[in-house]
Amino acid sequence: MKLTKRIFSGLLAAMMLFTTAFAVNDSATTKAANALTFAFKPITGSEYDSTALQTDLAAAQKIISQRMQLEGLTGASAAVSGDVITVSIPKTATGSTAAYWAARLGDRRLCSVTDFLNEEWQFDRADFASAKATTENGAEAVEIDLTDSGKTKLTEAHNKVKAYLADSKNDADKAQWLTFHWGTTTFRMLVDDSFSDSKLVIGGDSDPLRAGASKYMPQYLMLDPLPFALEQTAVPTTTEPTTPTTPTEPTTPTDPTTPSEPATTDFPDIDGHWAAASLRKGVELGLLKGINGKIMPNNSVKRSEAIVILNRALGATQTDSVSGLAASQQSAWYSEDLGKAIHLGLITANDNRSFDTAATRAEAFVLMARAFAYDRAETATDELSSFTDTSSMTTEQKQAAAALISQGVVNGTSAAKLSPSNKLTRAQFVTMIVRIAAATNADSAPTELAGGTVLTNPSIALTGAVADGDWIFAAPTNEISLDSVSSSHRIVLKGEERAVLNATKQTSISTLAVDPAGTADVKMDNTSSVNTLVIAGKGGSVGYSGAVSNIEITASGRTIVLEGMTSDAITITGSNNTILLKGDADTVSVLRGSGNRITLSGTVGTMVLAGKNTTVDGTGKIGTVDTRMVGCTVTAKSDHTIDNIDPGLDGVQITMTVPDKVKAGGSLTAKVSFSGVKEGVTCTAIWYQDGSAIKGCTNNSFELTNGKTSSHTSTFTFTKNMKTSTAIGFKLLYNNPSTGETEQVYAQKTVPIENYSAEWYAQRDAAAILKQVSSVYRGNYTTSYAANNDYSKTTKEVWINAKGYSSNTSYLVWINRAYQHVNVFTGSKGNWKLTKSFIVGTGAASTPTPVGVTTVSYKLKAGWTTGTYTVRPVVGFYPGTGYAFHSRLCYPGTSTEYDFSSGYPVSHGCVRMKHNDINWIYNNIPIGSTVVIY
C-alpha cells in the first residue's frame, strides 16, 4: 500500500469513527422535549481580541452547521450566544448523547505528520486540491488530489525518514514509520519505496470503506478545520423578567466612599515560573492578554502570535495588503496583524509561510532584529563562534542572532548550542522583548525614563535626559525633539508614516537607527552629533543633516540624502538605493548589494566598489576609486583609479558525468570537467555525497583551467534499509580578493541505487529476529504507545516464516502481545506475507490472553450481549473456551461504543478490536485458520 494511501485512509477512517472523549457533566447537557441541546466554548492560546474572537466563533458555527448537514441531521441547529456556540440536535438522531455528538462535531481536526524525532509538518485545507468518490476493483474509494504545498510537505517528511534510514547505525524498525495526527487521533504510516505524492486513492478492495462512506467522505475532507478547539460547557440560561414593583420615593444619598483600586488580573500559570517577572511585565505592557485566565508560558509561540506581540510592542496601526500571502493566511484571525507586520517590514508582502505554525528560535531572532532595527553592515558574526550548531542558519539569521547576543538579548541553550531550529516558548519570546525594553511611556514630555523604553506619543520632546537603555520611538511617533540629550545606547525610529527628529544643544547619540515604514528626516544642529547612523528598512526616503562619524546603510530601495557632515566611513550593503552625498567622507565602501546609485557633491578620500552595478556620478570629487566588482560605472571626478576586478568563478560551469544507477553490491564513479574559466585561478575543490563533504576529498590548491577533470569513486555498505539513491556533488570555492567575498560553483547529480531483495536480507536476519521478538508487554498503557511502537513488516514476515507455522487455510493470524497488534498473513508455510495489521487490546495482566497456537473455531455475527455491554461480531479461537476476537464494548443492544480502550492489555483474555477491524476479521478469516498468540 502506498504511504499516502495509508496516511489518508487513517484520516478518513477517523472522520467516520472519531472517538475523542469530551468531559461531560450534567450541567453541560440539556435534553429538551424533542431535542438534545449542549454548548461549546473555545479553547485557544492565541492572543485574541474580542472582535477576532466573535469573527472566529461565527466561522466555527458555520463549520459545525456544515458538519451537521453532512451527518444528515435534519432540524439541527448551531448558534453563537455570547462567547459560546449552542447546538441543538433532534433526539431521534443516531447516537443521541452529548458525548457522541460533541466528539463528532467539536474536534478541531487539525492535521499534521511527525517523524519519530517529533519533527512536525502541519497540513491544512490549502493542501487538499479536490476529493471525489470513485471505485477501485469494484470497491468504494475516495480519490484526493494534493496541492503543490501538500505534495511538498509530504515529500519532505518522506525524505527525512529516507535520509535517516540511509545510516545503517540508526534504528530502522523505529525510524521507518511516520505518524499522522488528526485532532487527538494518531495513525502510523510505513515509509516504503511505493511512495507517491500526486494522487491519493482511499479505500478500494485493499482498504474497505464502510458501505456508502464514499458519498460524503470527499465533502468532509474538503471542509475547513475549526479555527480553534472546542470543549463542552453549560448551555447559557435565561430567566424570565420579574414583575416590576411599585417605585418608592428616593432616599437622601449618602456621601460616596473612596473606590478601591481594581484587582490586578492574576494568571496562576505565571506563579513560580522561571520567567515570572518577564511574564508579569509582558502583561503590564499589554503584550500578553491571556485566554481563559491563563498565559500558557510554556506553549510554543506561533509565528502569528510573535507578530501580534511585536505589533503591540511597537504600537502598530497601519496595514498593508495581504493579497500576496498564502490564501489560508488572508482570512485567518491574525490577517490584520500580518498586514501591520508587512507595513513595518517584519515580514515581506509575498511570504508564503503558514503563520499558524510554531516559530523557531532562528525565525524569532530575525523578527526581533527587524522589529527593533538591529541591522549591521558588517558580515562578521564572531558572537556565534562558540556555538557548534549554526551551519543551517541563513545569513540574515546569523547576523540577527549575533546582534542580539552582543546586546544581551539572546543566550544559547548551552555553552555550545544555540539551537536555532528549536521551537521558542511564549515565555522565552516575551523575555527577549523585555530585555530590550521593559517599559513604555506615552507622555509627550517624559521626565523619567529608566532602562530600555518604548515611547509611543505622536509628538515627544525630551530635555536634558540621559539614556540608560535603548529608546524605541514606536510606530505612532512622528515628531521628536531632543534638547541637551545624551545617549550611550541606541535610539530607534520606527515611525509608520513620517518620522521627524530635531536635536539641539549638544545632544549626543551613540547609535541612531532610522527604520521608518515611510519616510524620516533627521536634523542635528551644529552643536549635536551622532557616532553611528544606521539607515535600514525598505522604500521611502530618509534625510540626515549634521555631524556623524560612521554611517551604515543596510536599507534597500530608499532615497537617502546625507548632508552637513565629514564622516570617517560610510558603508553600504543594501541594494537599489539612490544616495545623495552632500557631505564629505574619508571612505565610502559599497561592500554588497547591487544597483546602488551615489551622487556626490562633496569629497570622498577613497571609494571601494564591491557591489554589482554601482553607479557614481555628480559634481563631487574622489581621491581614489577602487573598483572590485563588475558592472560599476564612475563618472564623478577622481585622482586615481584602481581596477581590482578579479573575474573569479564568474561564468565557470561544471559538467558532471555519472552512471545511470549503482547495481547491488557495486560502486559509483563520478567525473567532472570545467568550462567558462576566464583566468586560471587557484581555488578549493570539494567532493560531496548526500550534502556532506567526503572525508579526504578536499583540495585547497586546485588549479582551475578550462578542460581540466576530476573524478571520485564512492563505495557503499549495502543494508536492507539503505537509501535508494545517492547525491554526488562537486563544489569550487574561491575567496575573491577584489570583493572580499567567497564565491562558489556547485554541481550535483542524484543516482539510483539498486539494492538486494528483501528475501536476500531475510535469509541473513532470521536468527537475530527470532531473539528480538517478544510476547511481553512493556508499554505505558496508552493507545499512542501501540501506534508508535511495532515490529517492521520485514521483521514480522521473517519471524512468522522462521517459526515454521502452517495453516489449514491461506490465512494465518498472529496476536502479538508485546505491541498489541493483530497481524494477518496470507500465503502458505514458509511463504507468509503480511497483508493487515490492527491495533487491539489483549488480556490484562491479571487475565492475559494465553500464549500458544490454535485455530479460528466459530463466528457469531450477533455477538454477545449482557446487561452492561454488547460486543459484535465475535470470532472465537482456542476451541472449547470463551477466548475470541470481538469489538470494543458498546451500549447493550447497539453498535455504539462507550469504552474505547485499545492498544494495551485491558480485557479478560479476549482481543478487543475497532468495528471496521473486527468486521474485516469476521468477513475474511476462514474457520480453521491458524492463530498464533505470542
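Residues numbered from 1 in each chain as written. Predicted model: local features only at pLDDT ≥ 70, side-chain atom pairs only at ≥ 80, totals over all residues. Heavy atoms only, no water.

1. Here's the deal with the packing of aromatic side chains
The geometry of two aromatic rings is summed up by the distance between their centres and the angle between their planes.
Next up, step 1: What the rule picks out here adds up to 25 aromatic pairs.
Next up, step 2: With a centroid separation of 4.9 Å and an interplanar angle of 70°, the aromatic rings of Trp687 and Phe730 are classed as edge-to-face. Remark: Phe730 occurs in strand S41 (residues 725-735) and Trp687 occurs in strand S38 (residues 681-689); sequence separation between them is 43 residues.
Next up, step 3: Among the residues examined, Trp687 registers a relative accessible area of 4% and is labelled buried.
Next up, step 4: Residue class for Phe730 comes out buried when judged on its relative accessible area of 1%.
Next up, step 5: Between Phe877 and Tyr883, the aromatic rings sit 6.5 Å apart at their centres with planes inclined by 20°, giving stacked as the arrangement.
Next up, step 6: Classification of Phe877 as buried rests on a relative accessible area of 0%.
Next up, step 7: The class for Tyr883 is partly exposed, based on a relative accessible area of 23%.
Next up, step 8: Members of the aromatic cluster, joined through ring pairs, are Tyr777, Tyr781, Tyr785, Tyr791, Trp799, Tyr805, Trp814, Tyr819, Tyr904 and Tyr934.
Next up, step 9: Looking at Lys708, its charged tip hangs above the ring of Phe702, at a distance of 4.3 Å from the centre. (Phe/Tyr/Trp six-rings, centres within 6.5 Å; stacked < 30°, edge-to-face > 60°. Helix = DSSP H or I, 4+ residues; strand = E, 2+ residues; numbered from the N terminus. Buried < 20%, exposed > 50% of the residue type's maximum accessible area, 1.4 Å probe, protein only. Lys NZ or Arg CZ within 6 Å of the ring centre and 35° of its normal.)

2. What about the sheet that holds strand S46 (residues 852-860)?
Next up, step 1: If you walk across this open sheet you meet the eight strands as S45-S44-S43-S52-S46-S49-S50-S51, and the pairing is mixed. Edge strands, defined here as strands with exactly one partner in the open sheet, are strand S45 (833-839) and strand S51 (911-913). Neighbour-to-neighbour, the strand axes of the sheet open up by a mean angle of 30°, direction not taken into account.
Next up, step 2: When S46 meets strand S52 (residues 930-933), the two strands line up antiparallel, connected through four bridges. Across the sheet, Thr855 pairs through a bridge with Thr930, a residue of S52.
Next up, step 3: Sitting on the sheet, helix H16 (residues 793-802) touches strand S43 (811-816), strand S44 (821-826), S45 and S52, and the angle it makes with S45 is about 115°. (Pairing = 2+ DSSP bridges. Axes fitted to C-alpha atoms, helices over the stretch in contact; angles between N-to-C directions. Contact = heavy atoms within 4.5 Å.)

3. Topic: the environment of Val492
Next up, step 1: Tracing the backbone shows Val492 in strand S19 (residues 486-493).
Next up, step 2: In this structure Val492 comes out as buried when scored by relative accessible area, which is 0%.
Next up, step 3: With 22 residues separating them along the chain, Val492 and Asp470 place their C-alpha atoms 7.7 Å apart.
Next up, step 4: In contact with Val492, not counting residues within four places along its chain, are Phe372, Ala373, Trp471, Ile472, Phe473 and Ala513.

4. Looking at the packing of helix H7 (residues 276-284) against helix H13 (residues 426-436)
Next up, step 1: Contact geometry for H7 and H13: axes closest at 9 Å, N-to-C directions at 75°. The angle between H7 and H13 falls in the class roughly perpendicular. Where H7 approaches H13, its residues Ser278, Leu279, Lys281 and Gly282 are matched on the opposing element by Ala427, Val430, Thr431 and Val434.
Next up, step 2: Considering only residue class, the contact of H7 with H13 consists of four nonpolar, three polar and one charged. (Parallel < 35°, antiparallel > 145°, perpendicular 65-115°, else oblique. Nonpolar A, V, L, I, M, F, W, Y, C, P; charged D, E, K, R; others polar.)

5. Focus: the sheet that holds strand S24 (residues 541-545)
Next up, step 1: On the basis of which strands lie adjacent, the open sheet formed by ten strands has the order S15-S18-S20-S22-S24-S26-S28-S30-S32-S34 and parallel pairing. Of all strands in the sheet, those bounded by a partner on one side alone are strand S15 (459-463) and strand S34 (633-634).
Next up, step 2: In this structure, strand S20 (residues 498-504) lies alongside strand S22 (residues 519-524), joined through six bridges in parallel fashion. Note on S22: the bridge partner recorded for Ala503 is Met524.

6. Digging into the UniProt feature "active site" (unreviewed entry) in the protein
Next up, step 1: Per the UniProt record, "active site" (unreviewed entry) is found at His886 and Cys910. Despite a sequence span of 25 residues, these residues sit close together in the fold, their greatest C-alpha distance being 7.4 Å.
Next up, step 2: Its place among the elements puts His886 in strand S50 (residues 884-887).
Next up, step 3: Excluding residues that lie within four positions of it along the chain, His886 makes contacts with Trp864, Val871, Pro873, Val874, Cys910, Val911, Arg912, Met913 and Ile918.
Next up, step 4: Mapped onto the elements, Cys910 comes out in the loop between S50 and S51.
Next up, step 5: Residue contacts for Cys910: discarding those within four places in its chain leaves Gly841, Thr842, Gly843, Thr849, Trp864, Gly882, Tyr883, Ala884 and His886. (UniProt positions renumbered as here; feature names shortened; annotations may be inferred.)

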